[in-house]
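Observations on the three-dimensional arrangement
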Amino acid sequence: MKFTITGKKLEVSEDLRAYAEKKVGKLEKFFKEEPEASVTFSVEKKNRCVAEIMLRGANGTLFRAVCEDPDGDMRGAIDEATAQIERKIRTNTVS
């Protein structure tokens, strides 16, 4: 999977980058061809951590999720965003 990882108002650590690649990389099994993943991290007011994940398939299909964790845990936001995308993928393939 091709990754583009960016941070807004924060420096993305190697641990956070590796965690995001591991979690989002598990979604690759739902695609026939290698998808592209764009992950954006940001910190907003009152220490809210926000993770935005976009997956683009080879046929142009786009899956997007934006999740925030008010407790300041970026890993929790990543987990929720990947879970949302997985649900969207599953409902899209069933239809």
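These notes cover the structure that comes with them. Nothing here was measured: the structure is a model prediction, and the numbers come from that model. (Residues numbered from 1 in each chain as written. Predicted model: local features only at pLDDT ≥ 70, side-chain atom pairs only at ≥ 80, totals over all residues. Heavy atoms only, no water.)

**What to know about the packing of aromatic side chains**
- Applying the stated rule across the entire model yields one aromatic pair.
- Residues Phe-31 and Phe-63 carry aromatic rings whose centres are separated by 6.2 Å and whose planes lie at 75° to one another, so their mutual orientation is edge-to-face. Highlighted residues: Phe-31 in the loop between helix 1 (14-25) and strand 2 (36-44) and Phe-63 in strand 4 (residues 62-69), separated in sequence by 32 residues.
- When its relative accessible area of 17% is taken as the criterion, Phe-31 is described as buried.
- The ring of Tyr-19 carries Arg-75 above its face, with NZ or CZ at 5.1 Å from the centroid. (Phe/Tyr/Trp six-rings, centres within 6.5 Å; stacked < 30°, edge-to-face > 60°. Helix = DSSP H or I, 4+ residues; strand = E, 2+ residues; numbered from the N terminus. Buried < 20%, exposed > 50% of the residue type's maximum accessible area, 1.4 Å probe, protein only. Lys NZ or Arg CZ within 6 Å of the ring centre and 35° of its normal.)

**Thoughts on the sheet that holds strand 4**
- Pairing is mixed across the open sheet formed by four strands, whose spatial order is 1-2-3-4. Taken across any chain shown, the strands that pair with only one partner, and hence form the sheet edges, are strand 1 (2-8) and strand 4. In this sheet, neighbouring strand axes are inclined to one another by 10° on average, regardless of whether the strands run parallel or antiparallel.
- Across eight bridges, the pairing between strand 3 (residues 48-56) and strand 4 is antiparallel. (Pairing = 2+ DSSP bridges. Axes fitted to C-alpha atoms, helices over the stretch in contact; angles between N-to-C directions.)

**Some words on the environment of Cys-67**
- Structurally, the position occupied by Cys-67 is in strand 4.
- The class for Cys-67 is buried, based on a relative accessible area of 5%.
- Considering only alpha carbons, one finds Cys-67 and Glu-80, 13 residues apart in sequence, at a separation of 6.4 Å.
- Look past the residues within four positions of Cys-67 in its chain and what remains in contact with it is Cys-49, Val-50, Ala-51, Ala-77, Glu-80, Ala-81 and Gln-84. (Contact = heavy atoms within 4.5 Å.)

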